[in-house]
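Report on the structure
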Amino acid sequence: CYKLISRSTHDKLPEHGTPEIRRCALDQTLLSLLFLGVERGSGDFLNNLLDPPSQKAIDAAICSLERLGAVSVSNGEDRQLALTPLGMHLAGIPAPPSVGKILVMGCLMRCRKAALAIAAGMSVGRSPFLKVDVFRNSRGRKGEDEEESLEEFREKKAIEARLELFKSVGNSDLAMLAAAYMQWDAVGGGGGQKRQFCESLSLSINGMRDMKKLVSQLDNSLCSAGFFASKEADSHVNSWRIIRSCIVAALAPSQIVRVERPGTKYAETMEGAIEKDGNSRELKFFSRGDENGSSNLNKRYHGIAEERVFVHPASANFSIGNYSCPWLVYHELVRTSKPFLRDATECTSYALLLFGGKLDVQASEELVIVDGYIRLSANARIGALIGGLRKKVDELLSEKIANPSSDIVASIEMKIIVSLIKTDGLGT
């Protein structure tokens, strides 16, 4: 690519591009440095680099890792960071910390294969789901009405197949991609049948192959950490409520969205008033805003500044009119004409309680506040139970570090966690 520019514009250009360490998030880098023991969080190693990152970038990485549960921060004058048991595991996985947490949680909750597919989908860069109009061509020649109607029919079938897949996994774009990948991977009979499967859902065959390569790489990392593939490791591979909770664990509380629903509406029928179905256009979505860095804050929720965001039309959640839990997590937010969520996953109350961030139990109000933002009705006994289970998960991960062959997923505490998530605390 050659471009003509004026000499004055050329003279204003920097001599070199901005180094990557000053452009990118430092989460994964900081995690590795902590694991190696060369950084303590005060910038003692990073500040001595040829192009040191800003203190703001270091602080942002520390905050992100702390909220993810990967590091603990001392409260003394000389701030010190320490890797948590989860952080020790994440440091050994060559992937962003949120992706690594999906893998660890998937292994703990016995949906290893689905977790690998989700992690690969988060890392592949571009979704393998193509626009549904890919079967249309623009040749524009006359006399092709028959072929055109066939293309419309194939497009309609692809839309129907996607809707069915989305309904089967719950309100989650990432879970839908994982289901599509696992079904594609299970197709036998050579490349021809796999290609037919991709056409049925309007998937990119190259995108699926890229995901498979990533799955293979991440699978090796899990094996190195002692999380091996087995029938038992995938006993919940079709339990989508559990799989969605792994997504919540990896993305909450940093990437959380509040759903504001309008008042319930009713329709009069011969049998009396019945509740109307929700309309996606009536829902409003808000993310917690940064009062120091955002000028688009337009609402407050219990004193916390929020920014209104929108579900992207490419998301399968775009047409959803009602969520059973008024909280979503998202993987990617893009800012074009509006801030758009390209993919989103509906949360459940127990997934947020178990994995959503720091807990503040307000017993007098029968309220649990997660990460200072998410408000859930629950009594103090529930808060104590969740706190105990969280500590036990840390102990189990420590045990796995000390003895990689240890079968920590068989513990009674993990069975309780799985049961709570499966039933949302309502029993079997």
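Procedures and definitions
Residues numbered from 1 in each chain as written. Predicted model: local features only at pLDDT ≥ 70, side-chain atom pairs only at ≥ 80, totals over all residues. Heavy atoms only, no water. Buried < 20%, exposed > 50% of the residue type's maximum accessible area, 1.4 Å probe, protein only. Helix = DSSP H or I, 4+ residues; strand = E, 2+ residues; numbered from the N terminus. Pairing = 2+ DSSP bridges. Arc of directions from axis to C-beta. Contact = heavy atoms within 4.5 Å. Expected span 1.5 Å × (residues − 1). pLDDT = per-residue confidence, 0-100. Axes fitted to C-alpha atoms, helices over the stretch in contact; angles between N-to-C directions. Parallel < 35°, antiparallel > 145°, perpendicular 65-115°, else oblique. Left-handed = near helix turned anticlockwise from the far one by under 90°. Nonpolar A, V, L, I, M, F, W, Y, C, P; charged D, E, K, R; others polar. Phe/Tyr/Trp six-rings, centres within 6.5 Å; stacked < 30°, edge-to-face > 60°. Lys NZ or Arg CZ within 6 Å of the ring centre and 35° of its normal. Core = buried A, V, L, I, M, F, W, Y, C linked by side-chain atoms within 4.5 Å. Salt bridge = Lys/Arg side-chain N within 4 Å of Asp/Glu carboxyl O.

1. Some points on the pairing of strand E9 (residues 327–330)
A two-sided burial pattern is seen for E9, the buried positions comprising Trp327 and Val329 on one face and Leu328 and Tyr330 on the other. Pairing of strand E3 (residues 256–260) with E9, which is carried by three bridges, proceeds in the antiparallel orientation. Note on E9: the bridge partner recorded for Arg258 is Trp327. By the bridge criterion, three bridges tie E9 to strand E12 (residues 344–346) in an arrangement that is antiparallel. Opposite Val329, over in E12, you have Thr345 as the bridge partner.

2. Thoughts on helix H3 (residues 27–36)
Listed in full, the buried residues belonging to H3 are Asp27, Leu30, Leu31, Leu33 and Leu34. For H3, the buried positions fall inside an angular range of 165 degrees around the axis, keeping them on one side. Those residues of H3 hidden inside the fold are in contact with helix H4 (55–68), strand E1 (71–73), strand E2 (81–83), helix H5 (85–91) and helix H6 (97–108). Remark: Gly37 follows H3 within two positions and exhibits a positive phi of approximately 80 degrees.

3. Regarding helix H7 (residues 112–123)
In a regular helix each residue adds 1.5 Å, so twelve residues correspond to 16 Å; H7 covers 16 Å between its end C-alpha atoms and thus fits that length. Judged by how many residues are buried, H7 sits mostly within the fold: ten of twelve residues are covered. Regarding H7, the residues found buried are Arg112, Ala114, Ala115, Leu116, Ala117, Ile118, Ala119, Ala120, Gly121 and Met122. Structurally, H7 contributes buried residues whose contacts are with H6, helix H9 (173–186), helix H11 (205–224) and helix H12 (240–251). Two residues or fewer past H7, Gly125 is found with a positive phi of approximately 100 degrees.

4. Notes on the confidence of the model for the protein chain
Residues of the protein chain with pLDDT of at least 70 account for 90%, and the chain-wide mean is 88. For residues 133–144, every residue scores under 50 in pLDDT, and the model assigns this stretch 16 contacts once sequence neighbours within four places are set aside.

5. What about the packing of H7 against H9?
In the contact formed by H7 and H9, the axes pass within 8 Å of each other and the chain directions differ by 110 degrees. Between H7 and H9, the angle is such that the two are roughly perpendicular. Our pair here, H7 against H9, has a crossing hand that is right-handed. Contacts between H7 and H9 involve Lys113, Ala114, Ala117, Ile118, Gly121 and Met122 from the former and Leu174, Leu177, Ala178, Tyr181 and Met182 from the latter. Of the residues in the contact of H7 with H9, the class split is nine nonpolar, one polar and one charged.

6. Some thoughts on the pairing of strand E14 (residues 367–370)
Of the two faces of E14, the one carrying Leu367 and Ile369 and the one carrying Val368 and Val370 are both buried. In the sheet, strand E13 (residues 359–362) pairs with E14 via four bridges, with the strands oriented antiparallel. In the strand pairing of E14, Gln362 is matched with Leu367. Here E13 folds back onto E14, and the loop between the two strands holds four residues, one of which, Glu366, carries a positive phi near 50 degrees. When E14 meets strand E15 (residues 374–377), the two strands line up antiparallel, connected through four bridges. Looking at the pairing, Val368 lines up with Leu376 of E15. Between the end of E14 and the start of E15, which pair antiparallel, lie three residues, with Asp371 showing a positive phi angle near 55 degrees.

7. Looking at the packing of aromatic side chains
Enumeration according to the criterion identifies six aromatic pairs in this entry. Between Tyr301 and Tyr373, the aromatic rings sit 5.8 Å apart at their centres with planes inclined by 85 degrees, giving edge-to-face as the arrangement. Taken together, the residues span a long stretch of sequence, with Tyr301 in strand E7 (residues 297–301) and Tyr373 in the loop between E14 and E15 at a distance of 72 residues. Judged by its relative accessible area of 16%, Tyr301 is buried. Ring pairing ties together the aromatic residues Tyr301, Trp327 and Tyr373, which thus form one cluster. Here the guanidinium or amino end of Lys338 rests over the ring plane of Phe310, the centre of that ring lying 4.5 Å away.

8. Considerations on the nonpolar core
Among the nonpolar cores identified, the biggest contains 118 residues, and Leu108, Met109, Ile256, Phe285, Trp327, Leu352 and Ile417 are the most heavily contacted of them. For this core, the leading source of residues is H9, giving ten residues. Ignoring anything within four residues of it in the chain, the contact list for Phe285 reads Val257, Arg258, Val259, Glu307, Arg308, Val309, Val311, Tyr323 and Leu328.

9. What about the sheet that holds E14?
The sheet built from three strands is open, its strands ordered E13-E14-E15 with antiparallel pairing. Edge positions in the sheet fall to E13 and E15, since each has one partner strand and no second. This sheet shows a mean twist of 20 degrees between the axes of neighbouring strands, independent of strand direction.

10. Side note on the pattern of salt bridges
Inspection of every chain in the model, using the stated rule, returns 14 salt bridges. The shortest N-O distance in the salt bridge between Asp185 and Lys212 comes to 2.7 Å. Separated by 27 residues along the polypeptide, Asp185 in helix H9 and Lys212 in helix H11 bring together distant segments of the chain. Its relative accessible area of 33% is what places Asp185 among the partly exposed residues. In this structure, Glu260 engages Lys299 in a salt bridge whose closest nitrogen and oxygen atoms are separated by 3.4 Å. In this pair, Glu260 sits in strand E3 while Lys299 sits in strand E7, placing the two residues 39 residues apart along the sequence. Accessibility expressed as a relative area gives 29% for Lys299, which makes it partly exposed. The network of salt bridges with common partners includes Arg258, Glu260, Lys299 and Glu306.

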